[in-house]
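Per-entry structural report
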Amino acid sequence: MMYNNEHFEPVITPNVDKPGCDTLDFYLKNEDGYKGLEKALKMKPAEVVDEVKKSNLRGRGGAGFPTGMKWSFMPANPVDKDGNPKPKYLVCNADEGEPGTFKDRLIFTKTPHRMIEGMIIAGHAIGSNKGFIYIRGEWFKETRLMQKAIDDAKKAGFLGKNILGSGFDYELIIYRGAGAYICGEETALLNSLEGKRGEPRLKPPFPAQVGAYGMPSCVNNVETFAAVPYILLKGWEKYAKMGTERSGGTRLLGVSGRVNKPGVYELPMNLSINDVIELAGGVKDGKKLKAVIPGGASAPMLRADECGVLTDYDSLAKAGTMAGSGGIIVIDETVSIVEAAYTLLKFYEHESCGQCSQCREGSHWLARMFKRILDGGGTQDDLDYIAKICGNMAGQTICAFADAVTGPALSSVKKFRHEFEELIRNGGIDKTRAHTHSHINEGAHV
Amino acid sequence: MALSEQIKKTINGIRSHFPTEQALLLPLLHEIQNEQGWVSMDSMRSAGEFLNLPLSKVREVASFYTMYKLEEQGKVDVQICTNISCWLQGAEKLMACAEKKLGIKSGETTADGKFTLSHVECLAACGTAPAMMINEDYYENLTETELNKIIDMAQTDLSAGKVVGKSTRTEGVWP
């Protein structure tokens, strides 16, 4: 397989196809397990932060914020108003639920120790002695696997008191979510972790000042943590070199939808969307590509002719979309874009937390308008109205959820306006389909 | 309904992990859901008493999260994902197939109280779409034939748990 990248090697998934790869034994024997931690514990916390900063690791949850910088925002010795030291918390965001994203589940089931090791290193770096892993509630099996991995790590002395004789103590606590997409947003996650409704918080204060239980906290994604042991063990230069100038390392891309070999691929970032689709076996049934959602459901769609764009954060941002959570959803010529966008809007309508009226009402209106167009009651004015609603949502709310809703809504209308107009003209999707079929049947060549 | 001793024991066992009492609310509601199959108003009242929280706080949390069922459910909870990746792989057909097989619509429970059928939002199993969940287990790469078979099995084996679907692994690719 040609990756066009001499520096590339898999960081997270080199052995995920081997039997027993999820066990501590395997991790220790075959993957230099916990050697990165050993090295990190001999370094000063600030040196570890520096190493991660220089590696150009960026948050893999969706926003792509530089990880080392996020860690450096954590106060060194926070105290409360009486001058007593405050605890600091590290939180792992394992509330994977962005449609099209399924990479963290792979890490949980195939290489959980890599993530645990990354968390302990991060704990040392930010001066925290306690980490919470917030796992989506539907992952019963995955939660059990992760708890077993934590227990095994503890027995082996990688968690608990005085880890590897360094004097550093660390414990990891699992917390289960209960089925709310919004809890993937970091401040909603913090509220949920406190046993409250998962409603995002106004920022500032940022989690580094007031996070979980009012204490300074740092939230990172599963894949972000899983990349950390490699950076410590092999050095920041090796990791940084694999990526682009402003974004180091590899990415886990989840390819789903109409492709022959859907799945998680660990790839360097100098490949285009088209390359990734080719690696995933190409479009299913030999059909033509119509559109791609390149970074989970919230990323604006790309037309087939735009899929030469590279998959790194900056290239995708320049193309008017985003790298997001690495979920690449492939849509072929047989799919109605209006219907695909409606599928997503129904989801957003269901998952809006309801705090901000623009988002609560807007996501509902958008879903209803798309449905109306599909059912044959749409008008040409609706298309302008969709853009107007989106304009009142994006950037107007507490969190980025409203912006996410406008991703599929705006991009579908902007890039596939003719499909909407066709439905409006023909009186809905059923009539349009019947029309297309009779057209084919009338064709002389049939 | 008063909380069982088992539930109290479980929650007391994890109390020291968290700095606040309210942090125990989600775990407690999970325990109630697991033991009773749903979260009744009585259970919420008991939960509030146990954690020293007003009932209104318990209710506002319980009603926010979809995994806490505020009405009685069937013993077999069939949840089919119809979000984008599953939809692209024919999830709507699967849903229609399940509705026909069970004789109910999504959101309903069978008359004998055995099955509840519902839509579920993305399960993060997009690479092995279409996917569904029955009670605690995922079923992936589903076909209509397999769906029918799984539902038949669940008639007698409420624990489900056996993977009937195809291997979820494609050579060199991982779900």
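Scope of this entry: the structure provided in the associated data block. (Residues numbered from 1 in each chain as written. Chains lettered and ligands numbered in written order. Predicted model: local features only at pLDDT ≥ 70, side-chain atom pairs only at ≥ 80, totals over all residues. Heavy atoms only, no water.)

Quick word on helix 6 (residues 91-102) of chain B
Along its twelve residues, helix 6 of chain B runs 16 Å from first to last C-alpha, staying within 8% of the 16 Å computed at 1.5 Å per residue. Looking at the buried side of helix 6 of chain B, the elements it contacts are strand 1 (76-81), helix 5 (84-88), strand 2 (115-120) and helix 7 (144-156) of chain B. (Helix = DSSP H or I, 4+ residues; strand = E, 2+ residues; numbered from the N terminus. Expected span 1.5 Å × (residues − 1). Contact = heavy atoms within 4.5 Å.)

Digging into the packing of helix 13 (residues 337-351) of chain A against helix 14 (residues 357-375) of chain A
All names here are of chain A. Two numbers describe how helix 13 lies on helix 14: the axes approach to 9 Å, and their chain directions differ by 150 degrees. It follows that helix 13 is roughly antiparallel to helix 14 by the angle criterion. The chirality of how helix 13 crosses helix 14 is left-handed. Two secondary-structure elements touch here, helix 13 through Val338, Glu339, Ala341, Tyr342, Leu345, Lys346, Tyr348 and Glu349 and helix 14 through Ser363, His364, Leu366, Ala367, Phe370, Lys371, Ile373 and Leu374. Partitioned by chemical class, the residues of the contact of helix 13 with helix 14 number ten nonpolar, two polar and four charged. (Axes fitted to C-alpha atoms, helices over the stretch in contact; angles between N-to-C directions. Parallel < 35°, antiparallel > 145°, perpendicular 65-115°, else oblique. Left-handed = near helix turned anticlockwise from the far one by under 90°. Nonpolar A, V, L, I, M, F, W, Y, C, P; charged D, E, K, R; others polar.)

As for the pattern of salt bridges
Considering all chains together, one arrives at 38 salt bridges over all chains under this definition. Its salt-bridge partner being Lys70 of chain A, residue Glu186 of chain A comes within 3.1 Å of it at the nearest N-O pair. Taken as a pair, Glu186 of chain A in helix 8 (residues 186-193) and Lys70 of chain A in helix 4 (residues 67-72) lie far apart in primary sequence, 116 residues in all. Judged by relative accessible area, Lys70 of chain A falls into the partly exposed class, the value being 22%. Ionic pairing is found between Lys105 of chain B and Glu99 of chain B, a salt bridge with its closest N-O pair at 3.8 Å. One continuous salt-bridge network, built from bridges that share partners, spans Arg60, Lys103, Asp104 and Glu223 of chain A. (Salt bridge = Lys/Arg side-chain N within 4 Å of Asp/Glu carboxyl O. Buried < 20%, exposed > 50% of the residue type's maximum accessible area, 1.4 Å probe, protein only.)

Details of the interface of chain A and chain B
Taken together, the contact between chain A and chain B spans 64 residues of the former and 45 residues of the latter. Both faces combined, the contact of chain A with chain B buries some 4400 Å², and carbon together with sulfur accounts for 61% of it. Our count for the contact surface shared by chain A and chain B stands at two salt bridges. With its nearest N and O atoms 2.9 Å apart, the salt bridge here joins Arg105 of chain A to Glu140 of chain B. Run the count over chain A and chain B and you get 20 residue pairs in polar contact (both at pLDDT 80 or more). Element by element, the count of residues in the side of chain A that touches chain B is highest for helix 13 of chain A, at eight residues. (Buried area = accessible area lost by both parts, 1.4 Å probe. Polar contact = N/O pair within 3.5 Å; in protein donor to acceptor, adjacent residues only side chain to side chain.)

Some thoughts on unusual backbone geometry
With glycine set apart, most residues show a phi of negative sign, and most peptide bonds adopt trans. Cis rather than trans, the peptide bond between Lys203 of chain A and Pro204 of chain A has omega equal to -5 degrees. Mapped onto the secondary structure, Pro204 of chain A falls in the loop between helix 8 and strand 4 (217-221). Put simply, Ala129 of chain B and Pro130 of chain B share a cis peptide bond, and its omega is -5 degrees. A positive phi is found at Tyr34 of chain A, a non-glycine position, where the angle reads about 65 degrees. Checked against the element boundaries, Tyr34 of chain A lands in the loop between helix 1 (24-30) and helix 2 (35-41). Positive phi is not limited to glycine here, since Asn141 of chain B has a value of about 50 degrees. Assignment of secondary structure puts Asn141 of chain B in the loop between strand 4 (137-139) and helix 7.

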